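Tertiary structure, described
So you can see what is in the structure, the chains are spelled out below.
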Amino acid sequence: RPPGATGQFVLKNESWAGRLALQVESEPPQSFAAGFALQGSAARGELSLFSPLGNTLAVLNWSADTATLTTSGKTQQFASLDALLTQATGTPLPIAALFDWLAGNQSTATGWSADLTQLEQGRLVARRTEPAPVAVLRVALEP
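The present account deals with the structure reproduced in this document. This is a predicted model, so every value here is computed, not measured.

**Comments concerning the sheet that holds strand β6 (residues 74-78)**
Taken in spatial order, the nine strands of this open sheet run β6-β5-β4-β3-β2-β1-β9-β8-β7, and their pairing is antiparallel. The sheet terminates laterally at β6 and β7 (112-115), the two strands that pair on one side only. Going from strand to strand, the sheet's axes swing by 20° on average, the running direction of each strand aside. As paired strands, strand β1 (residues 15-24) and strand β9 (residues 135-141) are joined by seven bridges and run antiparallel to one another. Bridging across to β9, Val24 finds its partner in Ala135.

**Points about empty space enclosed by the protein**
This model, assessed by the stated rule, comprises one cavity of 30 Å³ or more. Roughly 130 Å³ of internal volume is contained in the largest cavity. For the largest cavity, the lining is made up of 13 residues, of which Leu20, Leu47, Leu93, Leu98 and Leu137 are closest to its centre. Taken together, the elements giving at least two residues each to the lining of the largest cavity come down to β1, β2 (30-40), α1 (81-89), α2 (95-102) and β9. Here the residues of the lining of the largest cavity are counted per class, giving 12 nonpolar, one polar and no charged.

**Here's the deal with the nonpolar core**
Ranked by size, the top nonpolar core spans 38 residues in total, and within it Phe36, Leu38, Leu49, Leu60, Trp62, Trp101 and Leu124 carry the most contacts. Here this core takes six residues from α2, the largest share from any one element. In contact with Leu124, not counting residues within four places along its chain, are Leu98, Trp101, Leu102, Ala114, Asp115, Leu116, Leu119, Leu137, Arg138 and Val139.

**What about the side chain of Thr89?**
Tracing the chain through its elements places Thr89 in helix α1. Thr89 gets classed as buried once you look at its relative accessible area, which sits at 10%. Among the polar contacts listed, one links the side chain of Thr89 to the backbone oxygen of Leu85, at a separation of 2.7 Å. A polar contact is formed between the side chain of Thr89 and the backbone oxygen of Thr91, at a distance of 2.9 Å. Apart from residues lying up to four places away in sequence, Thr89 is in contact with Leu22 and Phe32.

**Re α1**
Buried within α1 we find Leu81, Leu84, Leu85, Ala88 and Thr89. Buried positions in α1, seen along its axis, are confined to an arc of 105° and lie on one side of it.

**Concerning α2**
Of all eight residues making up α2, six are buried, and the element is well covered by its neighbours. Within the sequence span of α2, burial applies to Ile95, Ala97, Leu98, Phe99, Trp101 and Leu102.

**Digging into the packing of aromatic side chains**
This structure, assessed with the given rule, holds two aromatic pairs. When the centroid spacing of 5.7 Å and the interplanar angle of 65° are considered together, the rings of Trp16 and Phe99 count as edge-to-face. One end of the pair, Trp16, is in strand β1; the other, Phe99, is in helix α2, with 83 residues separating them in the sequence. Between Trp62 and Phe99 the ring centres are 6.4 Å apart and the planes differ by 65°, which places this aromatic pair in the edge-to-face class.

What counts, and at which threshold
Residues numbered from 1 in each chain as written. Predicted model: local features only at pLDDT ≥ 70, side-chain atom pairs only at ≥ 80, totals over all residues. Heavy atoms only, no water. Pairing = 2+ DSSP bridges. Helix = DSSP H or I, 4+ residues; strand = E, 2+ residues; numbered from the N terminus. Axes fitted to C-alpha atoms, helices over the stretch in contact; angles between N-to-C directions. 1 Å grid on protein atoms, 1.4 Å probe; cavity = no way out; pocket = protein on both sides within 12 Å on 5 of 7 lines; lining within 4 Å. Points joined across faces, edges and corners; volume = space filled by probe spheres on them. Nonpolar A, V, L, I, M, F, W, Y, C, P; charged D, E, K, R; others polar. Core = buried A, V, L, I, M, F, W, Y, C linked by side-chain atoms within 4.5 Å. Buried < 20%, exposed > 50% of the residue type's maximum accessible area, 1.4 Å probe, protein only. Contact = heavy atoms within 4.5 Å. Polar contact = N/O pair within 3.5 Å; in protein donor to acceptor, adjacent residues only side chain to side chain. Arc of directions from axis to C-beta. Phe/Tyr/Trp six-rings, centres within 6.5 Å; stacked < 30°, edge-to-face > 60°.

And the structure:
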């Protein structure tokens, strides 16, 4: 039986929504939490981040030759998706692996490991141990 066959979440999506939380065990510790809508792929996509009240905090767009961050009506250009994600969240995130993980595939990303055992219930936890500091990404998908 393939993953998701009995779960409430369709894993072979091209769009996801829910909440995400990122904790970075730095000095001082950093944490970030937001509602999100993610669509596309690691090659071309869009990630929208929302406040608890539903206001748009940021929209990240990327493709092979562009990466932009739009906040408060202002758009910034970045040299890479990694640079864009670092600016938006405070640490680089393994976006290619994240798309794989959300699709139910145990992909590898340098320094990161993901627990997909609760994905059918809409939960994903990924942990970065290298390079320091340790970071934990938690995703809760909406049904």
